[in-house]
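Summary of the model geometry
Single-letter residue listing:
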Amino acid sequence: MEQVTLRGETGRAYGSRSSRRLRRDGRVPAIVYGHGLEARPVAVDRRDLYAALHTEAGLNALISLEVEGDEYLTVAREVQRHPVRGDIIHLDFIRISLDENIEAEVPIEFTGIPAGVREAKGIVETVHASVIVSCLPTAIPSHITIDISELHIGESARVADLPELPGVTYVTDPGQLLVMCAIPAAAQVEAVPTAVTEGEEVVAEEEEAED
């Protein structure tokens, strides 16, 4: 996995007032720590950070953070965003080692049109679209693909159904539901009056028989 370089500025003060000032100046407050490194407050350029986290690796990009002549290999974690704009307002840079496993959240790519959709007008309900994995930093997949074209109505795919990947261990519970093929809610509602009507007809027939 390719590494991206980001420069971190030190000397920023803690506190919301200082953080707001940094954001107005186009920088994002952050903290770097891990692997024996004492937590250091830093600030990074907002545009450079955006570019670093919008490669194919996304939030799992390996970031070489340069701080006052020191260089730390890190990944971005605990990313906080503005509730309205979605801008990153704070994050942690976790120092890592290339020869030690780390955990990462990886998106799932569902391919194919389920049989239940093609043949019975079902719908696809996505329950979870990502999974936690453990592997070396350089082995983190950009996404994990699973074919759901064979799913019929009432069938589902779980973490246990995901493909095996070299050097990658799934941390998420194997039984975790990912996606299912279901009957549309509208169709279920329409089916209820039919069942009631049929029941009423049975009752009516029984009453006629008694007469």
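Here is a short report on the structure shown in this document. Since we're looking at a predicted model, the values are computed, not measured.

Examining the layout of surface pockets
Estimates place the volume of the largest pocket at around 240 Å³. Along the walls of the largest pocket sit 14 residues, with Leu59, Asn60, Ala76, Arg77 and Glu105 positioned nearest its centre. For the lining of the largest pocket, the elements supplying multiple residues, two or more each, are β5 (70-81), β7 (102-111) and β9 (130-135). The leading source of residues in the lining of the largest pocket is β7, at five residues. The class makeup of the residues in the lining of the largest pocket is eight nonpolar, two polar and four charged.

Looking at the nonpolar core
By size, the foremost hydrophobic cluster in this structure holds 23 residues, and its most contacted members are Val131, Val133 and Leu162. Those elements that place two or more of their residues in this core are β5, β7, β9, β10 (144-147) and β13 (177-182). Of all the elements, β7 adds the most residues to this core, at four residues. Contact partners of Val133, with chain neighbours within four places excluded, come to Ile102, Glu103, Ala104, Val106, Ile144, Val168, Thr169, Tyr170 and Val171. Membership of the second largest hydrophobic core comes to 19 residues, among which are Val4, Leu6, Leu49 and Ala76.

Calculation criteria
Residues numbered from 1 in each chain as written. Predicted model: local features only at pLDDT ≥ 70, side-chain atom pairs only at ≥ 80, totals over all residues. Heavy atoms only, no water. 1 Å grid on protein atoms, 1.4 Å probe; cavity = no way out; pocket = protein on both sides within 12 Å on 5 of 7 lines; lining within 4 Å. Points joined across faces, edges and corners; volume = space filled by probe spheres on them. Helix = DSSP H or I, 4+ residues; strand = E, 2+ residues; numbered from the N terminus. Nonpolar A, V, L, I, M, F, W, Y, C, P; charged D, E, K, R; others polar. Core = buried A, V, L, I, M, F, W, Y, C linked by side-chain atoms within 4.5 Å. Buried < 20%, exposed > 50% of the residue type's maximum accessible area, 1.4 Å probe, protein only. Contact = heavy atoms within 4.5 Å.

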